[in-house]
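Here is what each chain is made of, one letter per residue.
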Amino acid sequence: PRHAQRRTILELPDELISQIAAGEVVERPASVVRELVDNALDAGAHHVTVRLLAGGVRLIAVEDDGQGIPRNELPVALKRHATSKIRSLDELESVGTMGFRGEALAAIASVAELSLLSRTPPGDSADAEHAWLLNARTGELSPAPRGVGTSVEVRELFYATPARRKFLKTDATELAHCVEAVRRHALARPDVGFAIWHEGKLVEQWRAAPPGASPEDSMAQRLGDVLGREFLDNSLPVAWRSSSDHPHPIRVWGRVGLPDFARARADQQFAYVNGRFVRDKVVSHAARAAFEDVLHGQRQPVYALFMEIDPRRVDVNVHPTKIEVRFRDSREVHQAVRHAVEDTLAASRAGQPVAATP
Ligand code: ADP
Ligand code: MG
């Protein structure tokens with residue numbers, strides 16, 4: 001048999017390594033939006049503004065009022081595997097931030113034009129007297145005006161990888177995905193205000209809960225704003241925790257739509273693990289199972305469920321986008337979600353006052 005001509009093993013150039021890695025993280029404009037909003041929230045932002053042009057293909061700008069990046073760290077932020085969020089394997093295993101892989105900015109910068117404009121709080125250092133602008137392509141760093149916080153601008157996504165660009169759908173579809181990405185964050189963070197602009201028009205705005213509002217009130221308000229007043233009127237609060245002698249306590253809270261409010265499609269199912277939006281079969285199966293006796297045919301329940309679980313019992317580092325997680329014991333998660341939803345539905349059927357959301 002003839003063998004193909006052997007080629008020498010070579011290390012790939014840095015740029016190509018980044019572009020290959022970017023393939024996993026940046027699929028479409030919404031992936032960029034998700035990563036940049038993750039970063040804004042990790043920076044402690046109270047308000048996040050997303051501006052888009054052409055469904056995000058021409059421009060994605062995310063502005064926050066978080067803690068900013070000091071001048072000398074701006075170039076480091078763009079490097080692969082550079083992060084301020086973890087330092088060790090131990091910290092990885094108990095990570096509480098959205099990010100930790102230190103990949104997103106490097107990946108995005110390898111497939112688009114990226115600039116970082118940031119200012120740290122006064123007193124942080126002499127450099128904080130104004131903001132600094134870093135152009136990722138040229139490496140040029142220059143002073144610029146801005147309040148405390150960070151603006152990331154991403155232009156001409158996939159300009160250098162036309163094959164990728166061809167996979168993009170219409171601007172309207174890409175915009176819808178971008179809005180969905182922000183919606184997922186917004187549901188989990190009623191304490192943060194969000195605004196989305198497209199082509200200079202305000203598309204969505206979700207105001208931050210007033211300071212001092214109870215977590216239940218803030219969450220109810222945000223769920224109503226994001227999922228619609230109708231959802232609020234046709235749903236029940238979930239407030240469940242495993243018994244106190246359970247070795248690995250789990251808490252499940254949020255809201256589930258009444259059986260009559262179920263939909264033909266499973267497009268209004270929001271599940272969060274320790275504040276992170278996840279797509280997880282264990283969770284969706286458990287929720288569906290809880291509705292088994294009251295939902296007929298293929299109808300899909302509507303819910304926003306938040307699970308709090310010991311971070312050491314869930315691995316968030318299984319997928320570059322972190323939308324998938326792996327539970328140490330998926331049975332205990334399944335049971336928790338199922339019981340939480342079943343108990344809520346049963347209590348409402350029995351006419352009992354439903355437990356208030358904690
Ligand atoms: P990761 O979020 O996994 O750390 P990123 O590539 O998304 O990796 O970001 C790299 C680093 O840049 C972050 O660890 C953080 O220190 C900094 N950074 C990025 N975006 C922001 C922001 N909006 N505000 C403050 N710091 C930021
Ligand atoms: Mg990040």
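Residues numbered from 1 in each chain as written. Chains lettered and ligands numbered in written order. Predicted model: local features only at pLDDT ≥ 70, side-chain atom pairs only at ≥ 80, totals over all residues.

Per an unreviewed UniProt entry, the chain goes by DNA mismatch repair protein MutL and derives from Hydrogenophaga defluvii. The UniProt entry for the chain carries this comment under Sequence similarities (unreviewed entry): "Belongs to the DNA mismatch repair MutL/HexB family." Heading Function (unreviewed entry) of the UniProt record for the chain holds this comment: "This protein is involved in the repair of mismatches in DNA. It is required for dam-dependent methyl-directed DNA mismatch repair. May act as a 'molecular matchmaker', a protein that promotes the formation of a stable complex between two or more DNA-binding proteins in an ATP-dependent manner without itself being part of a final effector complex." (UniProt positions renumbered as here; feature names shortened; annotations may be inferred.)

Annotation of the chain at the domain level lists domain 1 (14–206) and domain 2 (215–349). Taking only C-alpha atoms into account, the centre of domain 1 sits 28 Å from that of domain 2. Every contact between the two is made by 18 residues of domain 1 and, on the other side, 19 residues of domain 2. Listed by contribution, the elements that provide at least two residues to the side of domain 1 that touches domain 2 are α1 (14–25), α4 (89–93) and α7 (171–188). It is α7 that contributes the most residues to the side of domain 1 that touches domain 2, five residues altogether. In the side of domain 1 that touches domain 2, the residues fall into nine nonpolar, three polar and six charged. (Domains from an automatic or database assignment. Contact = placed C-beta atoms within 7 Å. Helix = DSSP H or I, 4+ residues; strand = E, 2+ residues; numbered from the N terminus. Nonpolar A, V, L, I, M, F, W, Y, C, P; charged D, E, K, R; others polar.)

The next thing to look at is the site of ligand 1. In the region of ligand 1, 23 residues are neighbours, and N39, A43, T83, S84 and G99 sit closest. Sorting the residues of the shell around ligand 1 by element identifies α2 (29–42) and α5 (104–111) as the ones contributing at least two each. Per-class residue counts for the shell around ligand 1 are nine nonpolar, nine polar and five charged. (Near = placed C-beta within 6 Å.)

Time to look at the environment of R87. By the element assignment, R87 lies in the loop between α3 (74–77) and α4. Taking the C-alpha atoms as reference points, R87 and F100, 13 residues apart in sequence, are found 9.3 Å from one another.

Moving on, we get to α1. Compared with an ideal rise of 1.5 Å per residue, which puts twelve residues at 16 Å, α1 spans 17 Å between its outermost C-alpha atoms and is within 8% of the ideal. Those residues of α1 lying buried are S18, A22 and V25. Down the axis of α1, the buried side of the element spans an arc of 55°, and every buried residue falls inside it. Those residues of α1 that are exposed and aimed more than 90 degrees away from the buried face are L16 and I20. Where the residues of α1 are buried, they touch α2 and α5. (Expected span 1.5 Å × (residues − 1). Buried ≥ 20, exposed ≤ 12 C-beta atoms within 10 Å, placed from the backbone. Arc of directions from axis to C-beta.)

We now examine the pairing of strand β2 (residues 59–64). Of the strand pairs in this sheet, strand β1 (residues 47–53) and β2 are connected by six bridges, and their pairing is antiparallel. Along β2, the bridge assignment pairs V48 with D64. Where β1 hands over to β2, the hairpin turn is made up of five residues, of which A54 adopts a positive phi near 50°. (Pairing = 2+ DSSP bridges.)

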